[in-house]
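# Structural overview for review
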Amino acid sequence: TPYRAGGFFSKARTFCDCWKVRYTTGACRSFQCAAAVPATLYESDDLKACAIMIKALLFILLSSSSAVTCNALLRKTLEGRDLKADSIPELIGKFLGLFKEPLIWVGCCCFAFAVGCWVMALSKMKLSVAYPVQTALVFVLTGLVSALVFQEQISPKMMIGYILILGGISLVTV
């Protein structure tokens, strides 16, 4: 296969280096570091797999950010509300009363979008790779949104925890 260096495809391949992709046949391929790409897109299974991986990562990012948005909207809706109740019917009434709030519905739509993106990601990537990446992104993005939107404090200990989680996830998925 003739190769040429440079261009978009070499950057995309570099982005995908060291990621593992499970094909529908069950075979697993790993990418080797290289700066050259095939002259024709269709001549390379690795390049096709790289494009699939980039799409899957995009869907995971969309799913994670939508899930964090959903949680932030739910948290915002619950600010200043007292959901304590003396009886089960009173609790059910307070719970159902939350559905009169527009932010609850926007949060539910964000959650539905997150599930749709997650399904798309799982159709393109192994669960053992996708789930740790998605979980780490949700965890870290939730901490970031909590600090920026709700002025929650992130201690140095928590920051070290976030870094360790991201490091551990990179060890599991690469």
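Residues numbered from 1 in each chain as written. Predicted model: local features only at pLDDT ≥ 70, side-chain atom pairs only at ≥ 80, totals over all residues. Heavy atoms only, no water.

## Re the overall build of the chain
Filter applied, for reference: Put simply, DSSP marks the helices as runs of H or I at least four residues long and the strands as runs of E at least two long, and each gets a number from the N terminus on. We call a residue buried when its accessible area falls under 20% of the maximum for its residue type, exposed when it is over 50%, and partly exposed in between, using a 1.4 Å probe and counting protein chains only. The contact criterion used throughout is that any non-hydrogen atoms of two residues lie within 4.5 Å. Here, Shrake-Rupley sampling with a 1.4 Å probe gives the accessible areas, and only protein chains in the shown set may cover a residue.
When helices and strands are counted, the chain shows six helices and four strands. Tracing the chain from N to C terminus, the helices and strands come up as β-α-β-β-β-α-α-α-α-α. For the chain, buried positions account for 29% of its 174 residues. In the chain, the proportion of contacts linking residues at least 24 apart, taken out of those at least 6 apart, comes to 66%. Roughly 11,000 Å² of accessible area belongs to the chain as shown, and the carbon and sulfur atoms make up 70% of that amount.

## Remarks on the confidence of the model for the chain
The cut-off we apply is this: A score from 0 to 100, pLDDT tells how confident the predictor is in each residue.
Summing up the model confidence of the chain, the mean pLDDT is 77 and the portion of residues at 70 or higher is 73%. Confidence scores differ between elements of the chain, with strand β4 (residues 36-38) showing the lowest mean pLDDT of 38 and helix α4 (residues 102-122) the highest of 95. Across residues 1-43, confidence stays below pLDDT 50; counting only partners more than four residues off in sequence or on other chains, it has 81 contacts.

## Some thoughts on the side chain of Thr77
By secondary structure assignment, the location of Thr77 is in helix α2 (residues 45-78). For Thr77, a relative accessible area of 7% corresponds to the buried category. Apart from the residues lying within four places of it in its own chain, the contact partners of Thr77 are Glu101, Leu103 and Ile104.

## Some thoughts on the packing of aromatic side chains
Describing an aromatic ring pair means giving the distance of the ring centres and the angle of the ring planes. As a reminder of what qualifies: Between rings of Phe, Tyr and Trp, where Trp is taken as its six-membered ring, a pair exists when centres lie within 6.5 Å; planes separated by under 30 degrees are stacked, by over 60 edge-to-face, and by other angles tilted. By definition, being over a ring means that NZ of Lys or CZ of Arg is both within 6 Å of the ring centre and within 35 degrees of the ring normal.
Summed over the entire model, instances satisfying the criterion amount to four aromatic pairs. Taking the centre distance of 5.4 Å and the plane angle of 80 degrees together, the rings of Phe95 and Phe99 count as edge-to-face. Site record: aromatic cluster; members linked through ring pairs are Phe95, Phe99 and Trp105. Just above the ring of Phe150 sits the side chain of Arg75; from NZ or CZ to the centre is 4.6 Å.

## A few points about the nonpolar core
Put simply, the test is: Within this scheme, the nonpolar core is defined by two criteria: the residues are buried Ala, Val, Leu, Ile, Met, Phe, Trp, Tyr or Cys, and they are joined through side-chain atoms within 4.5 Å.
With twelve residues, the main nonpolar core is built from Met53, Ala56, Leu57, Ile60, Trp118, Ala121, Met125, Val129, Ala130, Val133, Ala136 and Ile169. Where this core is concerned, the elements lending two or more residues are α2, α4 and α5 (127-149). Among residues more than four places away in sequence, those in contact with Ala136 are Ile165, Leu166 and Ile169.

## Thoughts on α4
Rule in force here: The span expected for a helix works out to 1.5 Å for each residue beyond the first. Note: the arc covers the axis-to-C-beta directions of the helix.
An ideal rise of 1.5 Å per residue puts 30 Å on 21 residues; α4 measures up with 30 Å between its terminal C-alpha atoms. Listed in full, the buried residues belonging to α4 are Ile104, Gly107, Cys110, Ala114, Cys117, Trp118 and Ala121. Taken around the axis of α4, the buried residues stretch over an arc of 140 degrees, which confines them to a single face. Those residues of α4 that are exposed and aimed more than 90 degrees away from the buried face are Pro102 and Cys109.

## Regarding the state of the cysteines
Cut-off, in case you're wondering: In plain terms, two cysteine sulfur atoms within 2.5 Å form what is called a disulfide here.
For the structure shown, the criterion picks out zero disulfides. The thiol sulfur of Cys109 is not disulfide-bonded, and the nearest other cysteine sulfur, from Cys108, lies at 7.1 Å.

## Things to note about the environment of Leu141
For Leu141, the location among the structural elements is in helix α5. Separated by 21 residues in the primary sequence, Leu141 and Tyr162 have C-alpha atoms spaced 10.0 Å apart. Filtering out sequence-adjacent residues up to four positions away, Leu141 remains in contact with Ser64, Ser65 and Val68.

## With respect to unusual backbone geometry
What you tend to see is this: most non-glycine residues have negative phi, and most peptide bonds are trans. Within the chain, Gln151 stands out as a residue other than glycine whose phi angle is a positive 55 degrees. Structurally, the position occupied by Gln151 is in the loop between α5 and α6 (156-173). A relative accessible area of 57% places Gln151 in the exposed class.

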